[in-house]
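Observations on the model geometry
Residue strings, one per chain:
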Amino acid sequence: MALLEVHDLDVEYLVGDSIVRAVRNVFFTLDEGKNLGIVGESGCGKTTVAKAIMRLLPRNGRVAGGRVVFEGRDILRLEDAQMRSLRWEKLSTIPQSAMNTLDPVYRVGDQLCESILTHRRIPRSKAWKRSVELAELVGLEGKRLANYPHQLSGGMKQRFAIAMALSLDPSLIIADEPTTALDVITQDRILAKIKELQEGLRFAMIYISHDIGVIAEVCDAMMVMYAGRIVEYGITRELFADTYHPYTLGLKNAFPSIQADRRLISIPGFPPSLVGIADEGCMFRPRCPFAIEGCGTRVPPMAEVRPGHWVACLRTDDVGLLREAAQEQATWLESAVI
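Here's what I pulled together on the structure shown here. These numbers were taken from a predicted model, which means no experiment stands behind them.

What counts as what
- Residues numbered from 1 in each chain as written.
- Predicted model: local features only at pLDDT ≥ 70, side-chain atom pairs only at ≥ 80, totals over all residues.
- Heavy atoms only, no water.
- Core = buried A, V, L, I, M, F, W, Y, C linked by side-chain atoms within 4.5 Å.
- Buried < 20%, exposed > 50% of the residue type's maximum accessible area, 1.4 Å probe, protein only.
- Helix = DSSP H or I, 4+ residues; strand = E, 2+ residues; numbered from the N terminus.
- Domains from an automatic or database assignment.
- Contact = heavy atoms within 4.5 Å.
- Salt bridge = Lys/Arg side-chain N within 4 Å of Asp/Glu carboxyl O.
- Pairing = 2+ DSSP bridges.
- Disulfide = S-S within 2.5 Å.
- Phe/Tyr/Trp six-rings, centres within 6.5 Å; stacked < 30°, edge-to-face > 60°.
- Lys NZ or Arg CZ within 6 Å of the ring centre and 35° of its normal.
- Axes fitted to C-alpha atoms, helices over the stretch in contact; angles between N-to-C directions.

With that settled, the discussion passes to the nonpolar core. Counting residues in each nonpolar core, the largest one holds 96 residues, and the members touching the most others are L4, V26, F28, I53 and I206. By residue number, the principal contributor to this core is helix α5 (residues 154-166), which donates seven residues. Here this core spans two domains, since at least three of its residues come from each of domain 1 (91-169) and domain 2 (246-334). Leaving out residues up to four positions away in the same chain, V26 has contacts with V6, H7, D8, L9, V49, M223, M225, G228 and I230.

What follows is the structure in structure tokens.
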């Protein structure tokens, strides 16, 4: 049995008098100790998927359909009290900015203790001892527990956010762009520490990022989203070696490389608004230079091009030509005219 199974997840937001279909027909599985990366531009639905799994959607959001099965139970059907007992105990999260987790007027040690004592009936002295262990586990000195958040660097704050997520030994951690606000050196150290911790503690992780390079470094499988839908999903190394969807090709070509002769290729245009949108055609069509007539009349179905590798595109049969053409910026400057 997989640790987490998501089946046809739909999420909507009510914005004024309009419905925003933020996530549609999302599916994936995640086994114990494995990592799934979710990548895509801002607004594609990555964070909404995470919040739906944690059942932390804002008041104007709701799950409109689907199932989220965690350890054999559909957590969307649990009572609020049951769900609260799962959060941090079994499911925890690392936010994009540590300041969203750390209260600026409390010492970080007190905040770590509080996260433990909320779920464990143990003496505070024991909770403090556990907090020291957690600080050292993420590479910080125990004396840092006496600091307030403003006395710590960005990297230190992020490490404490990781420690808080680990405080109750969860089975699954959802990391929502946890290193985006950090410089590249600190980001590399944080990623290395997460990988080291995972090897020892064997928790699974969903890693959300707009950086396809980070996903390639830390994730076993990856899911590429665009305008609320999955466009490509599979084993990370296979997806990078044999990319099928034009959007994924664009993301790969826009990622910086150490190769001196490799040019960055950008994707012109912007993601579409999802307000009141209808299911008519491929959402990437207005930005895709490879669009054909059928792209404008129906939503491309998810097709399994090889075992475990899913793609939503009508042009998988001639992907070889697409891969070659996608390496030229001039190709992307052509607008879809179908």
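Still to come is the rest of the account.
Examined against the element boundaries, L314 turns out to sit in the loop between β12 (309-311) and α10 (319-325). On the basis of relative accessibility, which here comes to 24%, the residue L314 falls in the partly exposed class. Separated by 94 residues in sequence, L314 and D220 have C-alpha atoms that sit 26 Å apart. Not counting residues up to four positions away in its chain, the partners in contact with L314 are I292, G294, C295, R298, P300 and P301.

A few words now on the pattern of salt bridges. In total, this model carries 15 salt bridges according to the counting rule given. For the salt bridge of R315 with D318, the shortest nitrogen-to-oxygen distance reads 2.6 Å. By sharing partners, the salt bridges in this structure join R107, D110 and R124 into a single network.

Moving residue by residue along a regular strand, the side chains alternate between the two faces of the sheet. Two strands pair when backbone bridges link them, and strand β1 (residues 4-15) and strand β4 (residues 61-70) are joined in this way by eight bridges, in the antiparallel orientation. Paired with D10 across the strands is G65, a residue of β4. Bridging between β1 and strand β2 (residues 18-30) involves nine bridges; their strand directions are antiparallel. What sits directly across from V15, in β2, is S18.

The next point concerns the sheet that holds strand β5 (residues 73-74). Backbone-to-backbone hydrogen bonds pair the strands of a sheet. The strands run either parallel or antiparallel. Here we have four strands laid out as an open sheet, ordered β2-β1-β4-β5, and antiparallel in their pairing. On the outer flanks of this sheet lie β2 and β5, each paired with one strand and no other.

Moving on: the environment of E334. By the element assignment, E334 lies in the segment after α11 (329-332). Residue classification places E334 among the partly exposed residues on the basis of a relative accessible area of 47%. Distance in space between the C-alpha atoms of E334 and M54 is 41 Å, their sequence separation being 280 residues.

With that settled, the discussion passes to the state of the cysteines. Among covalent bonds in proteins, the disulfide is the one between the sulfur atoms of two cysteines. Using the criterion set out here, one finds zero disulfides in the structure. You can see C288 has no disulfide; the closest cysteine sulfur is in C295, sitting 6.5 Å from it. Take C288: its relative accessible area is 7%, and that puts it in the buried class. Just so you know, C313 is unpaired, no disulfide at all, and the nearest cysteine sulfur is the one on C295, 6.4 Å from it.

Turning next to the packing of aromatic side chains. Within the structure shown, the criterion is met by six aromatic pairs. An angle of 80 degrees between the planes, with centres 5.1 Å apart, marks the rings of Y226 and F284 as edge-to-face. Placement of Y226 in strand β9 (residues 221-226) and of F284 in the loop between α9 (246-253) and β11 (303-306) is noted, with a sequence separation of 58 residues between them. As far as burial versus exposure is concerned, Y226 and F284 are alike and both buried. Three or more aromatic residues link up through ring pairs in this structure, and these residues are F27, Y233 and W310. Directly above the ring of Y244 sits R323, whose terminal nitrogen or CZ lies 5.0 Å from the centroid.

The eight strands lie next to each other as β6-β7-β8-β3-β9-β10-β12-β11, forming an open sheet whose pairing is mixed. Looking at the sheet topology across the chains shown, the edges are occupied by β6 (91-94) and β11. When the angles between neighbouring strand axes are averaged without regard to direction, this sheet yields 20 degrees.

Function cannot be inferred from these measures alone, as they are strictly geometric.
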